[in-house]
Amino acid sequence: MATASADLENFMNGVKRRNPGESEFHQAVQEVAATILPYIADKPAYKESMILERMSEPDRVVSFRVTWQDDAGNVRVNRGYRVQFNNSIGPYKGGIRFHPSVTLSVLKFLGFEQTFKNSLTQLPMGGGKGGADFNPKGKSDREIMRFCQSFMTELVRYVGPDVDVPAGDIGVGGREIGFMFGQYKRLTNRFNGVLTGKGREYGGSLLRPEATGYGAVYMLEDMLHTRGDAIEGKKAVISGSGNVATHAAEKIIHRGGTVLTLSDSGGYIYDKNGITLERLQWIKDLKEKRRGRISEYADEFGAEFHEGRPWNVPCDVAMPCATQNEIDGSEAEMLIKNGCMAVSEGANMPTVIDGINKYLQARILYAPSKAANAGGVATSGLEMSQNAAHISWKEEELSKLLRDIMSNIHAACVEYGAEGGGYVDYMKGANIAGFRKVADAMLAFGVV
């Protein structure tokens, strides 16, 4: 154990030396390295080829200026990025995020994670991530259009259907994807699958908006089944109120569970009787059409509204679906103390390492984001296939493919994470399963 700890410390010292000040990126690499270093200890092919060290270094990082004009005619300047992390098993694939918190460290953190997530789907997709420190909140449609067009004017030289296929993320939905795709088409005179999450009328896929939230619930469902249990009758605490959170809530309700909370950056609502499908639709309209705040739900339906995050609410299952690092160690401990038996992560890496360790020590069911929220990128991969073949699949076909992919991810996690007494370390299983596919491809290519 001491040797494993020393190996991890030495490895992380190297990562930190090469990437100073990038705490989020350090976190993502450490979470994976803690599992992979012991796994490859007796596998000289991986060690001698420095596979994990190579995986921890992005293929390339692109940074560019995004200049645009607001409605008042003022010139505005933001910084855009694309981190192309690893394309060993397919074109770079990962979202674009528009948010003031976007930094290179955050994008490398997400891009590294994306490499393993995409590998778990078994689809031919590498890992990447991009974005800008632009805040779409409070901006008019015309301002967002001008920003997206300027962003794509710079990004266009680095992307393509066989090179890098971005998607949406926080701050980037169907509207923003449409503006960027329109500019790509204008600049290149090509109509191809360079972006996913597109509108259905111009090459988008059915089920893409639902896929991440639904997939996280399918993962939760499969974990509960290993213990002869089900979602029916369970009380769920969910964070967020965007696309992932609302569709996760929808599927929980479909499966007979009760959703108690949703949230945004201002706080969370607690509906002790459970959020109904009708009220959930009201929230979707609030967020998508009026771009309102979740606190308005409390005024409309007489529910409670609290500042902060909802992890002090007693529950059976928890689904963090807002953003990275939204559950710290004390909040993870609170969830466990209040009876939470399972956590399925809909957001990208929403639990800090200390919180993850609390889950593992308590031996609750814990699905890390690279496994639990892979349904979104899996459906994006299916959208890429449809675009390449110039076809469109029916919703029932896509539903079955999504369910099968999530079942296969669960099975892979069990294969590599099963421990004594029927316990499955899903973190360990997801990391090893995701690592092996990428690592074997890298070995096949030689030293490149």
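Above: the structure in question.
Residues numbered from 1 in each chain as written. Predicted model: local features only at pLDDT ≥ 70, side-chain atom pairs only at ≥ 80, totals over all residues. Heavy atoms only, no water.

S.K.: What exactly am I supposed to notice about helix 16 (residues 395-417) here?
M.R.: Relative to the 33 Å expected for 23 residues at 1.5 Å per residue, helix 16 spans 32 Å between its end C-alpha atoms, a close match to the ideal helical length. Looking at helix 16, one finds that the buried residues are L398, L402, R403, I405, M406, I409, H410, A412, C413 and G417. Structurally, helix 16 contributes buried residues whose contacts are with helix 5 (104-120), helix 8 (208-225), helix 14 (369-372), helix 15 (374-389) and helix 17 (426-445). (Helix = DSSP H or I, 4+ residues; strand = E, 2+ residues; numbered from the N terminus. Expected span 1.5 Å × (residues − 1). Buried < 20%, exposed > 50% of the residue type's maximum accessible area, 1.4 Å probe, protein only. Contact = heavy atoms within 4.5 Å.)

S.K.: Teacher, can you tell me more about the environment of S241 here?
M.R.: Tracing the backbone through its elements, the reader meets S241 in the loop between strand 6 (235-238) and helix 9 (243-254). Non-local contacts of S241, meaning those with residues more than four positions away in its chain, are made with T246, S263, D264, I283, K287 and I294.

S.K.: Help me out: how do you make sense of the sheet that holds strand 5 (residues 164-167) in this one?
M.R.: Sheet strands line up and pair through hydrogen bonds in the backbone, either parallel or antiparallel. The mixed open sheet is built from five strands, whose spatial order is 1-2-4-3-5. Edge positions in the sheet fall to strand 1 (60-69) and strand 5, since each of these pairs with one other strand and no more. Direction aside, neighbouring strands of the sheet carry axes that sit 20° apart on average. As defined by bridge partners, strand 3 (residues 92-98) adjoins strand 5 across four bridges and the pair is classed as parallel. Note that in strand 5 the partner of K93 across the bridge is V165. (Pairing = 2+ DSSP bridges. Axes fitted to C-alpha atoms, helices over the stretch in contact; angles between N-to-C directions.)

S.K.: How should unusual backbone geometry be read in this particular structure?
M.R.: Generally, phi is negative for residues other than glycine and the peptide bonds are trans, each holding for most cases. Positive phi outside glycine occurs at Q122, with the angle close to 70°. By secondary structure assignment, the location of Q122 is in the loop between helix 5 and strand 4 (127-132).

S.K.: I keep staring at the pairing of strand 8 (residues 267-270) and nothing clicks. Help me out?
M.R.: In summary, the side chains of a regular strand alternate between the two faces of the sheet. As defined by bridge partners, strand 7 (residues 258-264) adjoins strand 8 across four bridges and the pair is classed as antiparallel. Within strand 8, the residue paired with S263 across the bridge is Y268. Where strand 8 meets strand 9 (residues 304-306), three bridges bridge the pair, whose relative direction is antiparallel. Bridge pairing links Y270 to E304 in strand 9.

S.K.: For this particular structure, what's the right way to read helix 13 (residues 353-362)?
M.R.: The α-helix winds at 3.6 residues per turn, so residues separated by three or four positions along the chain end up facing the same way. Listed as buried for helix 13 are G355, I356 and Y359. For helix 13, the buried positions fall inside an angular range of 100° around the axis, keeping them on one side. Looking at the packing, one finds that the buried side of helix 13 touches helix 2 (23-40), helix 12 (329-337), strand 11 (342-344), strand 12 (365-367) and helix 17. (Arc of directions from axis to C-beta.)

S.K.: Sorry if this is basic, but what is going on with the packing of aromatic side chains here?
M.R.: We describe a pair of aromatic rings using the distance from one ring centre to the other and the angle between the two ring planes. Per the counting criterion, the structure on display carries 21 aromatic pairs. The structure contains a cluster of three or more aromatic residues connected by ring pairs, namely F64, W68, F98, F134, F147 and F151. Sitting over the ring of Y39, K43 keeps its end group 4.1 Å from the ring centre. One cation-aromatic arrangement involves R363 over Y423; the distance from NZ or CZ to the ring centre is 4.1 Å. (Phe/Tyr/Trp six-rings, centres within 6.5 Å; stacked < 30°, edge-to-face > 60°. Lys NZ or Arg CZ within 6 Å of the ring centre and 35° of its normal.)

S.K.: What should I look at first to understand the sheet that holds strand 8 in this one?
M.R.: Read from one edge to the other, the open sheet built from seven strands follows the order 9-8-7-6-10-11-12, with strand pairing classed as mixed. Two strands in the sheet have a free side with no partner beyond their single neighbour: strand 9 and strand 12. Each adjacent strand pair in this sheet contributes to an overall mean axis angle of 15°, direction not counted. Judged from the two bridges that link them, strand 10 (residues 317-319) and strand 11 form a sheet pairing that is parallel. Its bridge partner lying in strand 11, V317 is registered against A342. Contacts between helix 9 and the sheet are confined to strand 6, strand 7 and strand 10, with strand 7 contributing the most and set at about 175° to the helix.

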